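Residue-level structure breakdown
Listed below are the residues making up each chain.
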Amino acid sequence: MAKEFNVPPVVFPSGGNPGNSLNHRRTPVAPFTPPKNPNLPFMSFDIGVAASSSSFSAPPIGIGNGSFDDELPLLEELGINTRQIWRKTVSIMNPFRVDSNLYEDSDLSGPFIFLMAFGLFQLLAGKLHFGILLGWVSVASLFLYVVFNMLAGKNGNLDLYRCLSLLGYCMFPIVILSAFSLFIPQGWNGIFVITGVFVLWSTRVCTRLLVELASCGDEHKGLIAYACFLIYMLFSFLVIF
């Protein structure tokens, strides 16, 4: 036997039947209009008025701090002085008149360029020595730093950064040797004589700069020159063999 369920009656909000709610429509509402107050401008329509009347208006682009003309060149922001590098390089070209005042401001930009050029010339000769060059320069700078300060004692004022900078700049004759070796036939015995000239060139320049810039007496000049000679002879072996 089916059971009957009591269903509550449906009550509409209008208080009448459903047919009345279909005929009921909302009255249209006017769109929002901004208040006509000059002190509170509406940004969507009065952007020009807001920029002129507001005290927090930003400066126009291209004037003051936002100007691209006032920005420093990229090389100067990175601390690379190309003119100073060129002057130091020209000074090394004459081993008898090296201006030590140019090397008061130590940097690693010039040595890095010389090492990359050295590695590039070696790569053209069929030798991949980029990693060897960076490793040997680091070890050689540490070796020269220890030797110099042991000889100078308490009077030694050579830091590792300046030692690395001077050693890298004085690598320039060896870079010329690596470029010159590309035009020399293999097995020519004259390459040893030419290599000795370039090694002595680098040794003389590096020794003079170390003695003058590090305030070391001339009594240790021979030992320092011997250490520099061993270092640049080691790099010249990469060119010969």
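Coordinates for the structure precede this section.
Residues numbered from 1 in each chain as written. Predicted model: local features only at pLDDT ≥ 70, side-chain atom pairs only at ≥ 80, totals over all residues. Heavy atoms only, no water.

1. Focus on the overall build of the protein
- Broken down by element type, the protein carries 10 helices and zero strands.
- N-terminal to C-terminal, the α/β element order of the protein is α-α-α-α-α-α-α-α-α-α.
- For the protein, the residues scored as buried account for 34% of the 241 residues in total.
- Excluding contacts between residues fewer than 6 apart, the proportion of contacts in the protein whose partners are at least 24 apart in sequence is 69%.
- When the accessible surface of the protein is split by element, carbon and sulfur atoms take 64% of a total near 16600 Å². (Helix = DSSP H or I, 4+ residues; strand = E, 2+ residues; numbered from the N terminus. Buried < 20%, exposed > 50% of the residue type's maximum accessible area, 1.4 Å probe, protein only. Contact = heavy atoms within 4.5 Å. Areas by Shrake-Rupley, 256 points an atom, 1.4 Å probe, with all protein chains shown as cover.)

2. Points about helix H7 (residues 160–169)
- The buried count for H7 comes to seven of 10 residues, which makes it a mostly enclosed element.
- Restricting attention to buried positions, one finds in H7 the residues Arg162, Cys163, Ser165, Leu166, Leu167, Gly168 and Tyr169.
- Buried positions along H7 lie against helix H4 (82–93), helix H5 (109–124), helix H6 (130–152), helix H8 (172–180), helix H9 (190–213) and helix H10 (221–240).

3. Notes on the layout of surface pockets
- The space that makes up the largest pocket amounts to roughly 310 Å³.
- In this structure, the largest pocket is lined by 14 residues; those nearest its centre are Ser181, Ile184, Gln186, Val239 and Ile240.
- Those elements that provide at least two residues to the lining of the largest pocket are H9 and H10.
- Counted by class, the lining of the largest pocket contains nine nonpolar, four polar and one charged residues. (1 Å grid on protein atoms, 1.4 Å probe; cavity = no way out; pocket = protein on both sides within 12 Å on 5 of 7 lines; lining within 4 Å. Points joined across faces, edges and corners; volume = space filled by probe spheres on them. Nonpolar A, V, L, I, M, F, W, Y, C, P; charged D, E, K, R; others polar.)

4. A short note on the packing of H6 against H7
- As a packed pair, H6 and H7 sit with axes 9 Å apart at the nearest point and diverge in direction by 120 degrees. The angle between H6 and H7 places the two elements in the oblique class. You can see that H6 and H7 cross each other, and the crossing is right-handed. Residues Val137, Ala140, Ser141, Leu142, Leu144 and Tyr145 of H6 form the contact with H7, whose own contacting residues are Leu160, Cys163, Leu164 and Leu167.
- Taken together, the residues of the contact of H6 with H7 break down into nine nonpolar, one polar and no charged. (Axes fitted to C-alpha atoms, helices over the stretch in contact; angles between N-to-C directions. Parallel < 35°, antiparallel > 145°, perpendicular 65-115°, else oblique. Left-handed = near helix turned anticlockwise from the far one by under 90°.)

5. A look at the environment of phenylalanine 130
- Examined against the element boundaries, phenylalanine 130 turns out to sit in helix H6.
- The exposure class of phenylalanine 130 is partly exposed, given its relative accessible area of 27%.
- When the C-alpha atoms of phenylalanine 130 and glycine 119 are compared, they prove to be 5.3 Å apart, with 11 residues separating the residues in sequence.
- If near-sequence neighbours (up to four positions away) are discounted, phenylalanine 130 is found in contact with Met116, Gly119, Leu120 and Leu123.

6. Side note on the side chain of threonine 207
- Looking at the element boundaries, threonine 207 is found in helix H9.
- Judged by relative accessible area, which is 4%, threonine 207 ranks as buried.

7. A look at the nonpolar core
- Tyr103, Leu144, Met171, Cys206, Leu210, Tyr232 and Phe235 are the most contacted members of the largest nonpolar core, which totals 46 residues.
- Secondary-structure elements contributing two or more residues to this core are H4, H5, H6, H7, H8, H9 and H10.
- No other element matches H9, which puts 11 residues into this core.
- Contact partners of tyrosine 232, with chain neighbours within four places excluded, come to Leu166, Leu167, Cys170, Met171, Ile174, Val199, Ser202, Thr203 and Cys206. (Core = buried A, V, L, I, M, F, W, Y, C linked by side-chain atoms within 4.5 Å.)

8. Points about the side chain of serine 106
- Here serine 106 is to be found in the loop between H4 and H5.
- Filtering out sequence-adjacent residues up to four positions away, serine 106 remains in contact with Lys88, Tyr161, Arg162 and Ser165.

9. Some remarks on the pattern of salt bridges
- Taken as a whole, this structure holds three salt bridges when the rule is applied.
- Where aspartate 107 meets lysine 88, a salt bridge forms, and the shortest distance between an N and an O atom there is 2.6 Å. Note that aspartate 107 is positioned in the loop between H4 and H5 and lysine 88 in helix H4, a separation of 19 residues in sequence. As far as the burial class goes, aspartate 107 and lysine 88 line up, both buried.
- Here glutamate 212 ties to arginine 208 by a salt bridge, and the two come within 3.1 Å at their closest N and O atoms. Of this pair, glutamate 212 and arginine 208 both sit in helix H9, four residues apart, which is roughly one turn of the helix.
- In this structure glutamate 212 comes out as partly exposed when scored by relative accessible area, which is 38%. (Salt bridge = Lys/Arg side-chain N within 4 Å of Asp/Glu carboxyl O.)

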